[in-house]
Structures are given as structure tokens and as C-alpha cells.
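Summary of structural features
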Amino acid sequence: MWTFSSLDSIWTSEARFWTAVKMIVLTSLMIEPSWSASFSIDASYLTSRRIVIPSTPVVQLAGTLFNPPRLRMRGGIGWLDDRVSVSAFVNRVGGVTDNRMEQSLRVGGQTTIDLTLRIGLGAGGLQGGTELAVAVSNLFDAMPTAIATSYAFATPYDSTNYSVIGRTIGVQLSRRF
């Protein structure tokens, strides 16, 4: 909604328009009584624009630097039996446009792969007893695309959308009782 201040002839609010499409697909297949497989896809597509004053041009927000990217996706596959569980996920954050300069530049997106392995030790497998889990996030140590900066201590990547934390490995030993 537009509001106009007659005291100083300045527009005091802006109009923002958002459109989002989200898709989630989850399925699980029991292959045999002792093991199963699962598949998942989670994707979203976003468009947005802003108008500060009716006489000014429309400004695109989604897909531009330091604003949400248009596309985010996560897809995975998993396998589970009585003693072992393995899962792998691919994560994609779409690229954005750096429009801070006169000539816009395309900044590449980021794709990471995460893996998890769980092993049931002793009696009861994964349903009881002791469990060992190993998880690797960002398996191939993907880094965000560098962007131009105007001063030495500026962050050289879009920290709003991309993580600079590289590969992480976690190990967990747990006991149920």
C-alpha cells in the first residue's frame, strides 16, 4: 500500500511483490523386509521486485547479490537395512547477479554434497544398542564464487546466500538404554 505524506511531499513506503513456487517429493520403497530405499527432492523458485516510488523503475530483488537466489534445491537418496544406513544429498543454491556496477556480472551458485553413514554395533542393529555415525558436509569443499570488493576488509563473497565453511566431518558414538 502506498502512503503519501502531504507535509513534506515524500513517499513513505514501498511496494514489494513476491512469488514463490515450492516442490517437495518424498518417497520410500521397501525392497525387502530387512531393507528399504528413500528418495527426496525439495526445490523452490522465487521471484520478487520492489517499487520505491511509482515513477521509479521496478527493481528486481530475487536473484541479485545479497538477496535470496531464485533457485534452491536439495535432493537425496538413502538406503537402510537392519544394521547400516547410508544417505547422500546434493544441495544447490542458484547463482545471482551482481548489479552494484554499471555492467552487471553473474556470480556462480554453489553445489555441495553431504554424506551420512550410520552403523549399528552389537545386538539390535540400528534399533537398539550402540551406534556409530559419520557425517561429511560439503564433501568436495566447495567455496562460494568471489565477488568484487571496494575495500580490503570487505567479505569477498555473498555471505547472505553462500557458506564459506568448507568440509566438515562429524563422528558420533551413541548407546541406547
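Residues numbered from 1 in each chain as written. Predicted model: local features only at pLDDT ≥ 70, side-chain atom pairs only at ≥ 80, totals over all residues. Heavy atoms only, no water.

Moving on: the overall build of the protein. What the protein contains, in helices and strands, is zero helices and 12 strands. Taken from N to C terminus, the helices and strands of the protein fall in the order β-β-β-β-β-β-β-β-β-β-β-β. Residue burial in the protein is summarised as follows: out of 177 residues, 27% are buried. Counting contacts in the protein only where the partners sit at least 6 residues apart, residues at least 24 apart contribute 55% of the total. For the protein, the exposed surface amounts to about 11,600 Å²; the carbon and sulfur share of it is 62%. (Helix = DSSP H or I, 4+ residues; strand = E, 2+ residues; numbered from the N terminus. Buried < 20%, exposed > 50% of the residue type's maximum accessible area, 1.4 Å probe, protein only. Contact = heavy atoms within 4.5 Å. Areas by Shrake-Rupley, 256 points an atom, 1.4 Å probe, with all protein chains shown as cover.)

Our focus in this paragraph is the pattern of salt bridges. In total, this model carries four salt bridges according to the counting rule given. Here glutamate 131 and arginine 118 are joined by a salt bridge, their closest N and O atoms 3.5 Å apart. On the criterion of sequence distance, the pair formed by glutamate 131 in strand β11 (residues 130-137) and arginine 118 in strand β10 (residues 110-121) is long-range, its members being 13 residues apart. (Salt bridge = Lys/Arg side-chain N within 4 Å of Asp/Glu carboxyl O.)

Here we come to a nonpolar patch on the surface. A surface patch of nonpolar side chains, about 580 Å² in accessible area, is lined by Val21, Met23, Val25, Ile41, Tyr45, Leu71 and Met73. With three residues, strand β3 (residues 15-32) is the largest single contributor of residues to the nonpolar patch. On the secondary structure map, isoleucine 41 appears in strand β4 (residues 35-51). (Patch = residues over 30% accessible without salt bridge, like charges linked within 9 Å, V, L, I, M, F, W, Y side chains within 5 Å.)

Before going further, it helps to examine the nonpolar core. Leu65, Val93, Val96, Val107, Ile147 and Tyr162 together form the largest nonpolar core, which totals six residues. In this structure, isoleucine 147 is in contact with Leu65, Phe66, Asp98, Arg100, Val107, Thr155, Pro156, Tyr157 and Asp158, ignoring residues within four places of it in sequence. (Core = buried A, V, L, I, M, F, W, Y, C linked by side-chain atoms within 4.5 Å.)

It is worth spelling out the side chain of asparagine 91 at this point. In this structure, asparagine 91 sits in strand β7 (residues 84-93). At 3.0 Å, the side chain of asparagine 91 and the side chain of aspartate 114 are in polar contact. In this view, asparagine 91 contacts Met73, Arg74, Gln110, Thr111, Thr112 and Asp114; residues no more than four positions away in its chain are not counted. (Polar contact = N/O pair within 3.5 Å; in protein donor to acceptor, adjacent residues only side chain to side chain.)

Here the focus is the packing of aromatic side chains. Under the definition given, this model contains two aromatic pairs. Just above the ring of phenylalanine 89 sits the side chain of arginine 74; from NZ or CZ to the centre is 4.0 Å. (Phe/Tyr/Trp six-rings, centres within 6.5 Å; stacked < 30°, edge-to-face > 60°. Lys NZ or Arg CZ within 6 Å of the ring centre and 35° of its normal.)

In this model, the protein carries a mean pLDDT of 87, and residues with pLDDT of at least 70 account for 89%. Least confident of the elements in the protein is strand β1 (residues 4-5), whose mean pLDDT is 36; most confident is β7, at 97. Taken as a whole, residues 1-12 scores under 50 in pLDDT and shows 20 contacts with residues more than four places along the chain or in a different chain. (pLDDT = per-residue confidence, 0-100.)

So, about the layout of surface pockets. Quantified by volume, the largest pocket comes out at close to 240 Å³. Considering the residues around the largest pocket, the lining is formed by 17 residues, among which Arg74, Asn91, Arg92, Val93 and Thr112 are closest to the centre. Of the residues assigned to the lining of the largest pocket, the class counts are three nonpolar, eight polar and six charged. (1 Å grid on protein atoms, 1.4 Å probe; cavity = no way out; pocket = protein on both sides within 12 Å on 5 of 7 lines; lining within 4 Å. Points joined across faces, edges and corners; volume = space filled by probe spheres on them. Nonpolar A, V, L, I, M, F, W, Y, C, P; charged D, E, K, R; others polar.)

Despite not being glycine, phenylalanine 66 has its phi angle at roughly 65°, a positive value. Structurally, phenylalanine 66 is set in the loop between β5 (59-60) and β6 (71-80). Classification of phenylalanine 66 as partly exposed rests on a relative accessible area of 37%. Of note, the phi angle at aspartate 141 is positive, near 55°, even though the residue is not glycine. Assessed through its relative accessible area of 34%, aspartate 141 is described here as partly exposed.

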